[in-house]
Amino acid sequence: MEINQYLAMFIEESKDHLQAMNENLLQLENSPTDISIVQNIFRSAHTLKGMSATMGYEDIASLTHEMENVLDLVRNHKLQMSAPIFDVLFKGLDLLEMMVQDIIEGGSGKADVAAVVAVLQAIFNGEE
């Protein structure tokens, strides 16, 4: 398969996973203790992380990795969803959508994810 075919597949699958993450996050806001919804978001983030790392989109992979870490705590009942967690996950999702859109437009998919990553790491480390 040519690079262009991989890129087209990456873009289509990324858009699907981002849409699923967004829809599931909105559902989770209404049912913040529903672990099955958290599982769905986690799976999409995990898949997006793997695809991004394979394609060399390190900013996407780094951000989804940190989102995945926080979601893992929630799905294992070590952390409860809260307004600050929803806020940072939605910010992360906005950044992911922006980076994928940049790739669609022929860009590098790079973005400054450091601030959101830092907040996710603080949540993960219990410093929220």
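Here, residues in each chain are numbered from 1, in the same order as that chain's written sequence. A pLDDT threshold of at least 70 governs which residues receive local features in this predicted model, and a stricter bar of 80 or more applies before side-chain atom pairs are shown or counted, although totals over entire chains, interfaces and linings include all residues. Based on all heavy atoms of the structure, the side-chain values leave hydrogens and waters out of the count.

**Q** Would you explain the side chain of Ser 14 in this entry?
**A** Numbering of helices and strands runs from the N terminus; a helix is a DSSP stretch of H or I covering at least four residues, while a strand is a stretch of E covering at least two. Here Ser 14 shows up in helix α1 (residues 3-30). We call two residues in contact when some of their heavy atoms are within 4.5 Å. With sequence-adjacent residues up to four places away left out, Ser 14 is seen in contact with Leu 48, Met 51 and Val 100.

**Q** Looking at this model, I keep getting lost on the nonpolar core. Mind explaining?
**A** Think of a nonpolar core as a cluster: buried Ala, Val, Leu, Ile, Met, Phe, Trp, Tyr and Cys residues, connected wherever their side-chain atoms sit within 4.5 Å. The classification of residues rests on relative accessible area computed with a 1.4 Å probe and restricted to protein chains. Under 20% of the type maximum is buried, over 50% is exposed, and intermediate values are partly exposed. With 40 residues, the main nonpolar core has Ile 60, Leu 63, Leu 89, Leu 96, Met 99 and Leu 120 as its most contacted residues. Among the elements of the structure, α1, α2 (35-55), α3 (58-75), α4 (83-104) and α5 (114-124) are those that each provide at least two residues to this core. With eleven residues, the single largest contributor to this core is α4. Leave out the neighbours within four places in its chain, and Leu 120 touches Leu 63, Glu 66, Met 67, Val 70, Val 88 and Leu 89.

**Q** Where do I start with α2 in this structure?
**A** One turn of the α-helix equals 3.6 residues, which is why residues spaced by three or four share an orientation. Helix length check: α2, at 21 residues, gives a terminal C-alpha distance of 30 Å against a target of 30 Å (1.5 Å per residue), a fit within 8%. For α2, the full list of buried residues reads Ile 37, Val 38, Ile 41, Phe 42, Ser 44, Ala 45, Leu 48, Lys 49, Met 51 and Ser 52. To estimate the expected span of a helix, subtract one from its residue number and multiply by 1.5 Å.

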